Amino acid sequence: MKKGDIFEGKVIRTEFPNKGIIDIEGQKVIVKNALEGQVVRFSINKKKRDKIEGRLLEVIEPSPIEQPAACKHFGICGGCRYQNLSYEQQLDLKKRQVEELIEKSGLSFAIENIYGSPITEGYRNKMEFTFGDEEKDGPLALGMHKKNSFYDIVTLEDCRIVDPDFNVLLQAILKYFKEKGETYFHKIRHEGFLRHLVMRRSVKTGDILINLVTTTQSRLDESEFVNMILSQKIDGKVVGILHTLNDNLADVVQSDETKTLYGQDYFYEYLYNMRFKISPFSFFQTNTLGAEVLYDQVREYVGETKDKLVYDLYTGTGTIAQMLAPVASKVVGVEIVEEAVEAAKKNAVDNHLDNCEFIAGDVLKVVDNLTQKPDILVLDPPRDGIHPKALRKIINFNVDEMVYVSCKPTSLMRDLLVFREAGYEVKRCCLVDMFPGTVHVETVVLLSQQKPDDTIEIDLDLDELDATSAELKATYQEIKDYVLKEFGLKVSSLYISQVKRKCGIEVGENYNLPKSENARVPQCPKEKEDAIKAALKYFAMI
Ligand SMILES: C[S@@+](CC[C@H](N)C(=O)[O-])C[C@H]1O[C@@H](n2cnc3c(N)ncnc32)[C@H](O)[C@@H]1O
């Protein structure tokens, strides 16, 4: 098998996020965007020692789980990859993908559930559209990057995941600039005017904030642009029109200067009847109704907060912090975007919360100054996860429990391995699908520090436990002694019981039952599990 060779094969599974796996002559080939069950033609485009990648050329046979996509741009637009699956199939696939990642990472915990988004279309409250051309030197386009393309843009006439108002406004703005013969900013030549169009809309009020991002290479007729937008027939209400000037070379929305052309430079969104002021550059969950599902899970995993000090690291506009504040002693939020911190402070005042503190800065540095040990930590970092040095400092807080919210399962797994090294185990985990139609999924985990006294509340009557088991060959003490001698590890009876059950050895019904409903049941770490399994093998029990 060499670069350029063409093959046909059936996709055996789709790994996170959208990697089709095909077995060719016993070798695993990764073909991006190929869906499990499809028969595809592909060419080999990368071959490294342990990794072969193919480029999808054609779907020869559809997958039995596929259905016609509702979106007319599906297959061309690089935005959504799972529009051709029923919502149930999407949820099932995302759950299986994360389960596979857990196993591949050598971690062992179960996903309790995957919670779906309350709405699966028009759920996005924010979208960043890009100006460009549909193909080289084609007419002006405004929309999303085409699938696998860095340059070409597909003009979106009817994007299914944004509010219909966005589609109307997008068309009107594109028409306006086309008629003016305006240019888009060319990423190679660094010439041109139009860069991005960012729209945000409150799901609860219908208020819309529009931000046009351009270079300074041309001039915008501000009042004409504003009047054109205000004359559009939409359901919501445009409350602010902004113009951001950005002459940076990087293809991201950032600001050298932002002018308010009309109305205000913020809007409000509501979560749990609390009001949040959202400014143009501050983070806010893009699926408002989905965010409430996500935060319900965060709240459940955080548990009892009465009289407790909570740190909400990577707090954005302070949503999680303010959701927990009414039932906590104090909440401290840390966020790198100053504008978001200002909004968070204002939000806390508006929501009549006087026990929230928000600190602007990098978590990596700010935690050095947080001398008080929190009772609970909530972590909701950006896609790349937690900076390794920040992770160390977070572990040094030595809290009993942490809730980690992640929008990228692969970076979460990397961070969980570090937490495990430091003695934290995943006690609970669930997924929340905030992004229907796309490959993304949000993961929430509850991490618990394993301590010897965690076992105090466990009801263990060892005599009763296995006395009836025909397979009983070694006592718990003999297993413990063996593991200590051979592996230098101390293991509890609870862990032995857990591993025995995993290995299919009958144990008494009473083992591992906590006395109270809220009692924590620590799970045997992988290293100890392996050692116990070795002992069970030694005593010929498995
Ligand atoms: C996934 S968002 C979570 C925000 C918030 N928890 C929410 O649910 O709306 C991650 C946030 O972390 C912020 N951030 C990124 N890097 C950071 C850093 N090094 N220190 C502090 N905040 C950071 C981002 O600006 C963003 O607001």
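Rules used throughout
Residues numbered from 1 in each chain as written. Predicted model: local features only at pLDDT ≥ 70, side-chain atom pairs only at ≥ 80, totals over all residues. Helix = DSSP H or I, 4+ residues; strand = E, 2+ residues; numbered from the N terminus. Buried ≥ 20, exposed ≤ 12 C-beta atoms within 10 Å, placed from the backbone. Pairing = 2+ DSSP bridges. Contact = placed C-beta atoms within 7 Å. Axes fitted to C-alpha atoms, helices over the stretch in contact; angles between N-to-C directions. Parallel < 35°, antiparallel > 145°, perpendicular 65-115°, else oblique. Left-handed = near helix turned anticlockwise from the far one by under 90°. UniProt positions renumbered as here; feature names shortened; annotations may be inferred. Core = buried A, V, L, I, M, F, W, Y, C linked by C-beta atoms within 7 Å. Domains from an automatic or database assignment. Near = placed C-beta within 6 Å. Nonpolar A, V, L, I, M, F, W, Y, C, P; charged D, E, K, R; others polar. Expected span 1.5 Å × (residues − 1). Arc of directions from axis to C-beta. pLDDT = per-residue confidence, 0-100.

Considerations on the overall build of the protein chain
At step 1: The secondary structure content of the protein chain amounts to 13 helices and 24 strands.
At step 2: Within the protein chain, buried positions represent 39% of all 542 residues.

Comments concerning the sheet that holds strand S22 (residues 442-449)
At step 1: Read across the open sheet, the eight strands follow the order S6-S21-S22-S20-S19-S16-S17-S18; overall the sheet is mixed. The open sheet has two free edges, formed respectively by strand S6 (114-115) and strand S18 (356-360), since each of these has just one partner strand.
At step 2: Where strand S16 (residues 309-313) and strand S19 (residues 376-379) come together, four bridges link them in parallel fashion. If you follow Leu-313 over to S19, its bridge partner there is Leu-379.
At step 3: Contacts from helix H6 (residues 338-350) reach strand S17 (330-335) and S18 within the one sheet, and its direction differs from that of S18 by about 170°.

A short note on the packing of helix H11 (residues 476-487) against helix H13 (residues 526-538)
At step 1: Contact geometry of H11 with H13 gives a least axis separation of 9 Å together with a crossing angle of 115°. As summarised for this structure, H11 and H13 are arranged roughly perpendicular, according to the angle between their axes. Every pair of crossing elements has a handedness; the one defined by H11 and H13 is right-handed. Between H11 and H13, the contacting residues are Ile-479, Tyr-482, Val-483, Glu-486 and Phe-487 on the first element and Ala-531, Ile-532, Ala-534, Ala-535 and Tyr-538 on the second.

Looking at the UniProt feature "binding site: S-adenosyl-L-methionine" (unreviewed entry) in the protein chain
At step 1: The feature "binding site: S-adenosyl-L-methionine" (unreviewed entry), as given by UniProt, occupies Gln-285, Tyr-314, Glu-335 and Asp-380 in the numbering adopted here.
At step 2: Mapped onto the elements of the fold, Gln-285 is located in the loop between strand S15 (274-278) and helix H4 (288-302).
At step 3: With near-sequence residues (within four places) excluded, Gln-285 lies in contact with Ala-291, Leu-294 and Met-434.
At step 4: Position of Glu-335 among the secondary structure elements: in strand S17.
At step 5: On the basis of neighbour counts, which here come to 28 C-beta atoms within 10 Å, the residue Glu-335 falls in the buried class.

Details of helix H12 (residues 493-502)
At step 1: Along H12, the residues that are buried comprise Tyr-495, Ile-496, Ser-497, Gln-498, Val-499 and Lys-500.
At step 2: Gly-504, located one to two residues past H12, shows a positive phi value of around 80°.

Some thoughts on the nonpolar core
At step 1: Judged by nonpolar contacts, the single largest core of 111 residues is most densely connected at Ile-210, Val-298, Val-378, Val-403 and Val-444.
At step 2: Viewed by domain, this core spans two of them, domain 2 (126-271) and domain 3 (283-452), each represented by three or more residues.
At step 3: Among all residues touching Val-298, those that are not within four sequence positions of it are Ile-320, Val-378, Val-403, Val-405 and Val-444.
At step 4: By size, the runner-up hydrophobic cluster in this structure holds eleven residues, among which are Val-483, Tyr-495, Val-499 and Ala-535.

Concerning the UniProt feature "active site" (unreviewed entry) in the protein chain
At step 1: The sites that UniProt annotates as "active site" (unreviewed entry) are Cys-407.
At step 2: The topology assignment puts Cys-407 in the loop between strand S20 (401-406) and helix H9 (409-421).
At step 3: A count of 20 C-beta atoms within 10 Å places Cys-407 in the buried class.
At step 4: Not counting residues up to four positions away in its chain, the partners in contact with Cys-407 are Arg-383, His-440 and Glu-442.

Comments concerning the site of the ligand
At step 1: Phe-283, Tyr-314, Gly-316, Ile-336 and Asp-380 are the nearest of the 20 residues found near the ligand.
At step 2: Mapped by element, the contributors of at least two residues to the shell around the ligand are helix H5 (319-324), S17 and helix H7 (363-369).
At step 3: The residue inventory of the shell around the ligand, partitioned by class, reads 13 nonpolar, four polar and three charged.

What about the sheet that holds strand S2 (residues 19-24)?
At step 1: Taking strand neighbours around the barrel as the criterion, the five strands line up as S1-S2-S3-S5-S4 in a closed arrangement whose pairing is mixed. Geometrically, the sheet is characterised by an average inter-axis angle of 50° between neighbouring strands, direction not taken into account.

Some thoughts on the domain arrangement of the protein chain
At step 1: When its domains are assigned, the protein chain resolves into domain 1 (1-66), domain 2 (126-271), domain 3 (283-452) and domain 4 (454-538).
At step 2: Of note, the centres of domain 1 and domain 3, computed from C-alpha atoms alone, are 37 Å apart.

Considerations on the packing of helix H1 (residues 87-104) against H9
How two helices pack is summed up by the angle between their axes together with the distance between the axes.
At step 1: Across the interface, H1 lies against H9 with an axial gap of 10 Å and an inter-helix angle of 30°. With respect to H9, the element H1 is oriented roughly parallel. With respect to the hand of their crossing, H1 and H9 are arranged in right-handed fashion. Along its contact with H1, which presents Val-98, Leu-101 and Ile-102, the element H9 presents Pro-409, Thr-410 and Met-413.

Considerations on H11
Each full turn of the α-helix corresponds to 3.6 residues, which orients residues three or four apart in the same direction.
At step 1: For H11, which comprises twelve residues, the first-to-last C-alpha distance of 16 Å matches the rise-based estimate of 16 Å (1.5 Å per residue) to within 8%.
At step 2: Those residues of H11 that fall on the buried side of the exposure criterion are Ile-479, Lys-480 and Val-483. The buried residues of H11 all sit within an arc of 100° when viewed along its axis, so they share a single face. Across from the buried face of H11, at angles greater than 90 degrees, the exposed residues are Gln-477, Lys-485 and Glu-486.
At step 3: Downstream of H11 by one or two residues, Gly-488 has phi in the positive range, about 65°.

Remarks on the confidence of the model for the protein chain
At step 1: Predicted confidence across the protein chain gives a mean pLDDT of 91, with 93% of residues reaching 70 or more.
At step 2: Every residue in residues 455-472 is under pLDDT 50, and counting partners more than four places away or in other chains gives 37 contacts.
At step 3: Across residues 509-517, confidence stays below pLDDT 50; counting only partners more than four residues off in sequence or on other chains, it has 21 contacts.
At step 4: This prediction of the complex comes with two scores: 0.82 for pTM and 0.99 for ipTM.

Some points on the environment of Pro-139
At step 1: Within the secondary structure layout, Pro-139 lies in the loop between strand S7 (126-133) and strand S8 (140-145).
At step 2: Judged by C-beta crowding, with 10 C-beta atoms within 10 Å, Pro-139 ranks as exposed.
At step 3: With 130 residues separating them in the primary sequence, Pro-139 and Glu-269 have C-alpha atoms 36 Å apart.
At step 4: In this view, Pro-139 contacts Asp-133, Glu-134 and Lys-178; residues no more than four positions away in its chain are not counted.

Comments concerning unusual backbone geometry
At step 1: Note the cis peptide between Phe-16 and Pro-17, where omega equals -5°.
At step 2: The topology assignment puts Pro-17 in the loop between strand S1 (6-15) and S2.
At step 3: The phi torsion at Glu-25 lies on the positive side, around 50°, for a residue other than glycine.
At step 4: Relative to the assigned elements, Glu-25 resides in the loop between S2 and strand S3 (27-32).
At step 5: In this model, Asp-307 sits at a positive phi of 60°, which is unusual for a non-glycine residue.
At step 6: Relative to the helices and strands, Asp-307 is located in the loop between H4 and S16.
At step 7: Overall, Asp-307 belongs to the exposed group, with 10 C-beta atoms counted inside 10 Å.

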